[in-house]
Amino acid sequence: MLVMKPLTKFSGMRFLFIIVLVMGICFRFTNLGTKVYWYDEGFTSLRIAGFTEATAVETLRQAGETTVAAIQQFQTIKPGSTFRHTLQSLAAEDPQHPPLFYTLARFWAQVFGTNIEVIRGFAAIASLLALPAMFWFCRELFVETGVFQTNLVSWVGVAVIAVSPLHLLYAQEARQYGLWTGLILLGNATLLYALRQRTIASWVAYGIAMAVGFYTFLFTGLLAIAHAIYVFAGGRLHPRRVYLSFGMALLSSIGVALPWFAVVWRQLQQIHTVTGWTTAAQPLTGLLRNWFKAHSRLIFDTEIRFVDAAVQCLVLLLLVYAIFHLGRHTPRQVWLFVVAPMAVTAIGLMLPDLLLGGMRTIPRYILPYLLSLQGAIAYLLTWKLTHTPPSIAGKQWFLPFLPVQNQGNLILGFVLLCGIISSSLIVQAPTWWVKSHNREMPAIAQTIQAAQNPLVISDAELGDLLSLSHALDPTIPVLLQPRCYTCGLPDPQLSTLADFLVSDRPAEKITNQTLFFYHPRGHDDWTHEFQQQFENHPHVQPKVLVMEGQDPSLWQLVPKPS
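About the criteria used
Residues numbered from 1 in each chain as written. Predicted model: local features only at pLDDT ≥ 70, side-chain atom pairs only at ≥ 80, totals over all residues. Heavy atoms only, no water. Helix = DSSP H or I, 4+ residues; strand = E, 2+ residues; numbered from the N terminus. Buried < 20%, exposed > 50% of the residue type's maximum accessible area, 1.4 Å probe, protein only. Contact = heavy atoms within 4.5 Å. Areas by Shrake-Rupley, 256 points an atom, 1.4 Å probe, with all protein chains shown as cover. Lys, Arg positive; Asp, Glu negative; His and termini not counted. Charge placed at Lys NZ, Arg CZ, Asp CG, Glu CD. Core = buried A, V, L, I, M, F, W, Y, C linked by side-chain atoms within 4.5 Å. Pairing = 2+ DSSP bridges. Bend = angle between axes of the 7 residues up to and from the residue. Expected span 1.5 Å × (residues − 1). 1 Å grid on protein atoms, 1.4 Å probe; cavity = no way out; pocket = protein on both sides within 12 Å on 5 of 7 lines; lining within 4 Å. Points joined across faces, edges and corners; volume = space filled by probe spheres on them. Nonpolar A, V, L, I, M, F, W, Y, C, P; charged D, E, K, R; others polar. Phe/Tyr/Trp six-rings, centres within 6.5 Å; stacked < 30°, edge-to-face > 60°. Lys NZ or Arg CZ within 6 Å of the ring centre and 35° of its normal. Axes fitted to C-alpha atoms, helices over the stretch in contact; angles between N-to-C directions.

Asks: I would appreciate a short explanation of the overall build of the chain in the present structure.
Replies: In terms of helices and strands, the chain carries 25 helices and eight strands. Counting every position in the chain, which comprises 562 residues, the buried fraction comes to 55%. When contacts within the chain are restricted to residue pairs at least 6 apart in sequence, long-range pairs at least 24 apart make up 76% of them. In the structure as shown, the chain presents an accessible area of about 23000 Å², 63% of it carried by carbon and sulfur atoms. Averaged over its 37 positive side-chain charges, the chain has a centre that lies 19 Å from the centre of its 30 negative ones.

Here you go:
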């Protein structure tokens, strides 16, 4: 039989957790301006500035030869625009992204500017909500229910999330996912608080938290379903007024979000078009590998393949054990609150990927699931730290050669050390796996900037050009025929750019310029057209300079031998 350790023995551990918390906060604000400002972040700046993609694409297509500064103008506040223009841009082209984060970021940008550090700084500040929200969530779930008599579990939860490499990546990105992380935890905490207090104010707080969540990311709906399952089908009887209060609070939050839900309904076809990549087929082995990484990156992520594979296997075993231990040692009202979001996310996103194929279960979409896992980790670590067996301690099946408290110290040290090592590497790197596009941007920019008299020619998607504009000197000349991603303009013809080199660039001028062609991730039809237009060009021929994964992304158009 296990007994609790005296609570006074853990007061000194708070100093350790405060140090870890400070480190986690510092990590979030380190080197914000030195990382690649990738495709999605470029669209964040475009929406904040009040432009639509269609406007930017049409303007750049008609500009002829211009400079990088012409791309950057679409990422600064549009003269004469208001918050209404940001809302209209999202509603017309990106309705799957609710407007709260973008409107708040626009207000921030109007006060402090639109450079990379400022926009990412706002995202990092917003991500800090997750730290107190995690403390409150763990307290409501584990302390107020009587599982523990100490706030140690809350401190453990905060420490685990503070140095989690996954949460650091989203905190340093100019997107809404760091804010959404905090709102998920806040929604969980306010629901538990309302079920315990049963006051009007507590239910209003829950409704507000969920409404803000809906206006931050639509997958808050998964969390709402999990909450409904917990309250109505959790096997715990509540007074009728509790069910009524919960229903009214949740319906009120949905009612507040109805204006944007109406936009989503009207724009379902646009959403289907823009998010079509999530249904792209992938092999089962790739799907399982991505799931494995999504779980393990909560604790460890170095992008050193052989190291990640070894350590992340241990992390996955730890996560499985944490869920098993939670189910075995806590009452239903506790473990169900952790399991419900996991089950809803698995059925809503993981199962379709498994049965139909697709990539819906990327980490930023399954944050309710992953945060539940971290709650289970906080419980396991606290249980190991606060319980000690009598003389037969060594007969535990998990690490049987160590007493339970020593197991807790070992696992806690492992989790925190993994997070600190991973975070230290992440803040120093110019890019990471979370930037699924533009990972080769440093090499591309270095190549172009080192050239004499460069001209960048491109028919890439606007998001790639927005990213490129932050890596190059604003004075570098460009000739662009951008492609749309969220707008419906037809793709440009490569012949337009090829003809430019014939009609406006005599052979001797081409010889005096260094011509680059930029287009990452070209598909087969595009590659065939590119080869037709430039391999048969009278003056130049393409030479690959930079590869992005398996695909070329930067060519030099070198003069043909006379």
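Asks: Where do I start with the nonpolar core in this structure?
Replies: Inside soluble globular proteins, nonpolar side chains tend to come together where they are buried. Residues Phe142 and Trp203 are the most contacted members of the largest nonpolar core, which totals 125 residues. No other element matches helix H19 (residues 367–386), which puts 13 residues into this core. Every residue in contact with Phe142, bar those within four places of it in the chain, is listed here: Val147, Phe148, Val153, Leu326, Val334, Gly375 and Tyr379. One finds Ala445, Leu468, Ile476 and Cys487 within the second-largest nonpolar core, a separate group that totals 35 residues.

Asks: Sorry, what's going on with the pairing of strand E7 (residues 540–548) here?
Replies: Side-chain positions along a regular strand alternate between the two faces of the sheet. Of the pairings in the sheet, the one linking E7 to strand E8 (residues 551–559) comprises eight bridges and is antiparallel in character. Residue pairing in the sheet places Gln541 in a bridge with Val558 of E8. Between E7 and the antiparallel strand that follows it, E8, lie two residues; Gly549 among them carries a positive phi value of about 70°.

Asks: Even after reading the chapter, I still don't get helix H18 (residues 332–356), so can you show me in this structure?
Replies: In an α-helix, one turn spans 3.6 residues, which is why side chains three or four residues apart end up on the same side. The largest bend along H18 measures about 40° and falls at Ala346. In the segment just after H18, Gly357 is the residue with positive phi, at about 85°.

Asks: In this structure, what is going on with helix H17 (residues 305–329)? I would like to understand it.
Replies: Over its 25 residues, H17 extends 36 Å from the first C-alpha to the last, a length consistent with the 36 Å expected when each residue adds 1.5 Å. Of all the positions in H17, only Asp308, Val311, Gln312, Val315, Leu318, Leu319, Tyr321, Ala322, His325 and Leu326 are classed as buried.

Asks: In this structure, what is going on with empty space enclosed by the protein? I would like to understand it.
Replies: A probe as big as a water molecule, rolled over the atoms, marks out the empty space that is left. What the rule picks out here adds up to four cavities of 30 Å³ or more. Of the voids in this model, the largest cavity is the one considered here, and its volume is about 80 Å³. Along its surface, the largest cavity is lined by Lys35, Leu169, Gln172, Glu173, Ile426, Ala429, Pro430, Thr431, Trp432, Val434 and Lys435. Tallied by class, the residues present in the lining of the largest cavity amount to six nonpolar, two polar and three charged.

Asks: Explanation requested: the packing of aromatic side chains in the structure shown.
Replies: Inspection of the entire model under this criterion finds 35 aromatic pairs. An aromatic cluster is defined as three or more aromatic residues linked by ring pairs; in this entry it consists of Tyr170, Tyr177, Trp180, Phe217, Phe219, Trp277 and Tyr365. In this structure, Arg106 packs its charged tip against the face of Phe83, placed 5.6 Å from the ring centre. Over the aromatic face of Trp433 sits the side chain of Arg297, whose NZ or CZ is 4.1 Å from the ring centroid.

Asks: What am I meant to see in the sheet that holds strand E2 (residues 65–67) here?
Replies: Hydrogen bonds between backbone groups are what pair the strands of a sheet, and the pairing can be parallel or antiparallel. Ordered in space as E2-E5-E4-E6-E8-E7, the six strands form an open sheet in which the pairing is mixed. The open sheet has two edge strands, E2 and E7, and neither has a second partner. The average angle at which neighbouring strand axes cross in this sheet is 30°, direction not considered. Where helix H22 (residues 462–471) meets the sheet, it contacts strand E4 (454–458), strand E5 (477–480) and strand E6 (514–518), and its direction lies at approximately 135° from that of E6.

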